[in-house]
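A structural walkthrough
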Amino acid sequence: MAGFDDVATDVSGGPVRHVPVLLSEVLEALDPNESKLIFDGTFGAGGYSRAIMEKGAKVVATDQDPEVISNSDEIKAEFADQLSLHHAKFSQILDIVEEGSLDGFVLDIGVSSMQIDQAERGFSFMQDGPLDMRMSQDGVSAADVVNTLKSNELARIFGFYGEEKSWPHRACD
Ligand SMILES: C[S@@+](CC[C@H](N)C(=O)[O-])C[C@H]1O[C@@H](n2cnc3c(N)ncnc32)[C@H](O)[C@@H]1O
């Protein structure tokens, strides 16, 4: 993955904000062309969507991070006839597209380089920042969670979502 100002470049040598790592596999699986409508549930810097649209397909995309949407004017203008980008969670897909209308979808689930590189978002292990970690930038922050939940509830969250092998057998209070 790459940040805003590090060494990653695209095929034409320009800087890129996020390097999509499974691009050839995604294109092979989706086989996009002019007749297809593809859903990209995790738009990010638009690397997958761009490659899909370059093959002629239309893309309906979501991202829950409002910064992703506000940073996407350029790609929206470039692919004005092909891209429909929504600030939404991918679970809201049926509010956006009609059931049965898609030819394929891709989910690149995880944190983007842009999110990690901004210390104030709280995702970085390398830089100090507030314990925020909200992709959607609303609702409760990670700081709210660790400072307000009881220890047994925190143990359940870390044990279950962290796939801790000894949980729930290890005693906690
Ligand atoms: C790894 S990045 C995607 C990078 C993208 N494939 C590209 O080529 O630039 C993951 C993105 O998914 C978004 N995301 C994570 N969970 C989401 C959800 N439930 N609904 C919508 N977007 C989500 C994040 O905000 C982030 O922008």
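Residues numbered from 1 in each chain as written. Predicted model: local features only at pLDDT ≥ 70, side-chain atom pairs only at ≥ 80, totals over all residues. Heavy atoms only, no water.

Filter applied, for reference: UniProt positions are given in the numbering used here, feature names are shortened, and annotations may be inferred rather than shown by experiment.
You'll find the protein chain entered in an unreviewed UniProt entry as 16S rRNA (Cytosine(1402)-N(4))-methyltransferase, with Psychrosphaera aquimarina given as the organism. You can read under Sequence similarities (unreviewed entry) in the UniProt record for the protein chain the words "Belongs to the methyltransferase superfamily. RsmH family."

1. Examining the environment of L154
Let me state the cut-off plainly: We count a stretch as a helix when DSSP gives it H or I for four or more residues in a row; a strand needs E for two or more, and each element gets its number in order from the N terminus. Throughout, a contact is declared for two residues whenever any of their heavy atoms are within 4.5 Å.
Within the secondary structure, L154 sits in helix α8 (residues 151–161). The contacts of L154, once residues within four sequence positions are left out, are V145, V146 and L149.

2. Considering the pattern of salt bridges
Here is the rule: Put simply, a salt bridge is a Lys or Arg side-chain nitrogen that is within 4 Å of an Asp or Glu carboxyl oxygen.
Applying the stated rule across the entire model yields six salt bridges. In this structure, the salt-bridge partner of D132 is R134, at a minimum N-O distance of 2.9 Å. Because the salt bridges share partners, they merge into one network encompassing R50, E54 and E78.

3. Here we look at the site of the ligand
Counted only if it meets this: What makes a residue near a molecule or strand is one non-hydrogen atom of that residue sitting within 4 Å of it. Side-chain atoms alone can form a polar contact between residues adjacent in sequence; in general such a contact is a pair of N or O atoms within 3.5 Å, and within protein one must be able to donate a hydrogen while the other accepts it. Areas reported here follow the Shrake-Rupley algorithm with a probe of radius 1.4 Å; residue values treat only the protein chains shown as occluding. Each residue is assigned to one class: nonpolar for Ala, Val, Leu, Ile, Met, Phe, Trp, Tyr, Cys and Pro, charged for Asp, Glu, Lys and Arg, and polar for all the others, Gly among them.
Around the ligand, the surrounding shell holds 23 residues, and the nearest of these are A45, D63, F90, D108 and Q115. In the model, an oxygen atom of the ligand is placed 3.2 Å from a nitrogen or oxygen of the Y48 main chain. Here an oxygen atom of the ligand sits 2.7 Å away from a polar atom, N or O, in the side chain of D63. Against a free-state accessible area of 610 Å², the protein chains account for coverage of 94% of the ligand. A class-by-class count of the residues in the shell around the ligand yields nine nonpolar, 10 polar and four charged.

4. Things to note about a nonpolar patch on the surface
Counted only if it meets this: Only residues whose relative accessible area exceeds 30% and that take part in no salt bridge are eligible for patches, with like-charged residues grouped when within 9 Å of each other and nonpolar side chains (Val, Leu, Ile, Met, Phe, Trp, Tyr) grouped when within 5 Å. With a 1.4 Å probe rolled over the protein chains alone, any residue whose accessible area is under 20% of its type maximum counts as buried; one over 50% counts as exposed, and the rest are partly exposed.
Together, F90, F105, L107 and I109 line one region of the surface with nonpolar side chains, adding up to about 400 Å² of accessible area. Checked against the element boundaries, F90 lands in the loop between β3 (83–87) and α5 (93–96). What makes F90 partly exposed here is its relative accessible area of 33%.

5. Brief notes about the environment of R156
Considering the arrangement of structural elements, one finds R156 in helix α8. In this structure, the C-alpha to C-alpha distance between R156 and P168, residues 12 residues apart in sequence, is 7.4 Å. The residues touching R156, leaving out its near neighbours within four places in the chain, are Y161 and W167.

6. Some words on the packing of helix α1 (residues 23–30) against helix α2 (residues 47–54)
For any two helices packed against each other, the geometry comes down to the angle between their axes and how far apart the axes lie. Our working definition: Helix axes are fitted only over the stretch in contact, all axes being lines through C-alpha atoms; the angle between N-to-C directions runs from 0 to 180 degrees. Roughly parallel refers to an angle under 35 degrees, roughly antiparallel to one over 145, roughly perpendicular to one between 65 and 115, and oblique to any angle outside these ranges. Two helices that cross are described as forming a left-handed crossing if the nearer one is turned anticlockwise from the farther one by less than a right angle, and a right-handed crossing if clockwise.
It is at 10 Å that the axes of α1 and α2 come closest, and there the two elements cross at 45°. If you check the angle between α1 and α2, you find them oblique. When the axes of α1 and α2 are compared, the crossing they make is right-handed. Two secondary-structure elements touch here, α1 through L23, V26, L27 and L30 and α2 through G47, Y48, A51 and I52.

7. A look at the sheet that holds strand β2 (residues 58–63)
Threshold: Note on pairing: two strands pair once DSSP finds at least 2 bridges between them.
Judged by pairing direction, the sheet is parallel, and its four strands sit side by side in the order β3-β2-β1-β4 without closing on themselves. Edge positions in the sheet fall to β3 and β4 (104–106), since each of these pairs with one other strand and no more. For this sheet the average axis-to-axis angle between neighbouring strands, irrespective of direction, equals 15°. Each of β1 (37–40), β2, β3 and β4 touches α2; the most contacted strand, β2, lies at about 170° to it.

8. What to know about the side chain of D132
Structurally, D132 can be placed in the loop between α6 (113–117) and α7 (142–148). When its relative accessible area of 17% is taken as the criterion, D132 is described as buried. Beyond its immediate sequence surroundings of up to four residues, D132 is in contact with E120, R121, G122, S141 and A142.

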